[in-house]
Amino acid sequence: MLLDVTKNLLEGFAVSCQIFGGTLVFGIPLGLLVAFGSMNRWAPFKRTVKAEGRFASVLRSFKPIAFIVRVFIWIIRGTPLLLQLIVIFFGAAILIGHAVFDRVTAAIVTFSINYACYFAVIFRGGIEAVPKGQFEAGLVLGMTRAQIFTKVTLLQLIKRIMPAMSNEIITLVKDTALARIIGVTEIIYYGYRYVTAQALIWPLFYTGVFFLAFVGALTLLFAYIERKLDYIKIL
Amino acid sequence: MKILEVVGLGKKFDGFEAVKDVSFSLESGEVLAVIGASGSGKTTLLRCLNFLETPESGKIIVKGKTIFDAESQTGYSDSQIRKNRLHFGLVFQSFNLFPQYTALKNVTLACELLARSEPGFKMDKVEILAGIEGNAREILDSVGLSDRLNHYPHQLSGGQQQRVAIARALALHPDILCFDEPTSALDPELTGEVLKVIRSLAAKQTTMIIVTHEMSFASGISDKVIFMDEGAALAQGSPKEILCDSSNARIQAFLRKIDVADGE
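Our subject in this report is the structure included herewith. Given the structure is predicted, the values throughout are model-derived calculations rather than measurements. (Residues numbered from 1 in each chain as written. Chains lettered and ligands numbered in written order. Predicted model: local features only at pLDDT ≥ 70, side-chain atom pairs only at ≥ 80, totals over all residues. Heavy atoms only, no water.)

Regarding helix α1 (residues 42-49) of chain B
All names here are of chain B. Along α1, 7 of the 8 residues are buried, which leaves the element largely enclosed by surrounding structure. When α1 is considered as a whole, its buried residues turn out to be K42, T44, L45, L46, R47, C48 and L49. Of the residues trailing α1, F51 is marked for its positive phi of about 60°. (Buried < 20%, exposed > 50% of the residue type's maximum accessible area, 1.4 Å probe, protein only. Helix = DSSP H or I, 4+ residues; strand = E, 2+ residues; numbered from the N terminus.)

Quick look at the packing of helix α3 (residues 103-116) of chain B against helix α4 (residues 125-142) of chain B
Residue and element names in this part refer to chain B. Direction vectors running N to C along α3 and α4 enclose 140°, while the axes themselves pass 9 Å from each other. Taken together, the axes of α3 and α4 lie oblique to each other. Considering how the two elements wind past one another, α3 and α4 form a crossing that is right-handed. Counted together, A103, L104, V107, T108, C111, E112, A115 and R116 of α3 and K125, I128, L129, I132, E133, A136, R137 and L140 of α4 form the full contact between these two elements. Among the residues forming the contact of α3 with α4, the class breakdown is 10 nonpolar, 1 polar and 5 charged. (Axes fitted to C-alpha atoms, helices over the stretch in contact; angles between N-to-C directions. Parallel < 35°, antiparallel > 145°, perpendicular 65-115°, else oblique. Left-handed = near helix turned anticlockwise from the far one by under 90°. Contact = heavy atoms within 4.5 Å. Nonpolar A, V, L, I, M, F, W, Y, C, P; charged D, E, K, R; others polar.)

As for the packing of aromatic side chains
Tallied over the full model, the rule gives 17 aromatic pairs over all chains. An angle of 70° between the planes, with centres 5.3 Å apart, marks the rings of F36 of chain A and F149 of chain A as edge-to-face. Taken as a pair, F36 of chain A in helix α1 (residues 2-38) and F149 of chain A in helix α7 (residues 145-175) lie far apart in primary sequence, 113 residues in all. By relative accessible area, which is 35% here, F36 of chain A ends up partly exposed. A relative accessible area of 17% means that F149 of chain A is categorised as buried. Ring geometry for Y115 of chain A versus F119 of chain A: centroids 5.9 Å apart, planes at 55°, classification tilted. In this pair, Y115 of chain A and F119 of chain A both sit in helix α5 (residues 103-129), 4 residues apart, roughly one turn of the helix. By the ring-pair criterion, three or more aromatic residues cluster together here, those being F13, F20, W202, Y206, F210 and F214 of chain A. If you follow R180 of chain A out to its NZ or CZ, it ends over the ring of Y192 of chain A, 4.9 Å from the centre. Here the basic side chain of K105 of chain B rests over the ring of Y101 of chain B, its NZ or CZ set 6.0 Å away from the ring centre. (Phe/Tyr/Trp six-rings, centres within 6.5 Å; stacked < 30°, edge-to-face > 60°. Lys NZ or Arg CZ within 6 Å of the ring centre and 35° of its normal.)

Regarding the environment of R137 of chain B
Residues and elements named next belong to chain B. By secondary structure assignment, the location of R137 is in helix α4. Remark: the alpha-carbon pair of R137 and A103, spanning 34 residues in sequence, is separated by 9.8 Å. Contacts of R137, omitting those with residues within four sequence positions, involve L104 and L149.

Concerning the interface of chain B and chain A
Taken together, the contacts link 26 residues of chain B with 22 residues of chain A. Around 2200 Å² of area is buried between chain B and chain A when both sides are counted, 67% of it from carbon and sulfur atoms. Among the residues chain B hides against chain A, the three largest losses belong to P99, Q100 and L113 of chain B. Together they make up 27% of the total. The interface formed by chain B and chain A includes 1 salt bridge. Linking R47 of chain B and E136 of chain A is a salt bridge whose minimum nitrogen-to-oxygen distance equals 2.7 Å. On inspection of chain B and its partner chain A, the count reaches 8 residue pairs in polar contact (both at pLDDT 80 or more). Going through the elements one at a time, α2 (78-85), β6 (88-91), α3 and α5 (158-170) of chain B are the ones with two or more residues in the side of chain B that touches chain A. The leading source of residues in the side of chain B that touches chain A is α3 of chain B, at 4 residues. Taken together, the residues of the side of chain B that touches chain A sort by class into 16 nonpolar, 5 polar and 5 charged. (Buried area = accessible area lost by both parts, 1.4 Å probe. Salt bridge = Lys/Arg side-chain N within 4 Å of Asp/Glu carboxyl O. Polar contact = N/O pair within 3.5 Å; in protein donor to acceptor, adjacent residues only side chain to side chain.)

In structure tokens:
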């Protein structure tokens, strides 16, 4: 019996891991993109609007790209992930007339977009916390913006955001269970089936063991990374 | 030969004129000290020369070539600005060393990145990188840090950090090395070691522009002094003319204040 349950739950856990891994692979780069978007300084009216007054000065400082991205972040962070899963999976299918994604893909897409917005805010905080002098030192040494980001800012950024990121990533592990709403057969789906079909409660607790073990491993990994970055003392 | 000519340089921040119509020139090997009260535009002037700020008026001419002209119709691309920047080096008040790199790597990083963008890099990679490292070791040795190559910035004292920052700027062989109050963030007992390094650079005919509040240092090291007041270069001349013999009331008032502060 135990072996049987373990086998079933492992099957579900593999799906959970797929969503988890996919979200990190797509969500982190997307989050970086969203972070840069939310910090975009393009202000088309800065020089063209010459008028005096409050409205004109607001218009001059209006940054359309940053504004749109920030509204997007507001919508994604402001609505339930559960709702977003339903909208992306069923909504897209209704709109187009047939299923666009399979269930796991839809879950990964939704989770990536959702988590990217949370990551983006963490990234923005990290980027803004790196002293401006670091950027300027890179500039006067003739580096390009891209070089300054990858060679100077990035590692300091990673060090600063590790605690916040570990929170998000651990939350993500458990959020994967939400994918059940669009019929993804993740681990809790299997656990719950034992409750309804065989009136067994312990497989449900057993799913908790999987989560605990996985989060435990992640916690050790984060501690290891933080220790590795300990040599950087931010001045 | 004139290595640098600055003509009518001006910079505004939201209508506030931080630098007003500043002109001066420097011969190769000369040291220029820029003095004046806080907020008189000294730092902004240096930042304009290093293109951290874009001047609204004026010209910057290095070795006879106009590298910046505010009147230019075409403007300047990022890569042009980056190239022009390399005529200047800048040492910051707050060092701004990269905390994740050792002293040696702080000095070699920019050189390596520049070398990588050269066409022949892949062919002679090992040789080029060895050359860069050798150059960095030599420069760090010349600022007295040959025993601190593999230390991270946080393991160094403020004076040592600033000397690494000087070495980092020197490694790119700028035509003109700029210092923005290089000792203002240092404890008095660490100031000396940094000033000593700057003096040794002057002895090696390094062209330098130094913004400083250390008046005796400025008068000792410089060939020329500019006194800035409210963004304008109120007076310029030899250290003796500005610091000793000036009849200008503003300069006298400024020097009196500094003297009082030093006496405390």
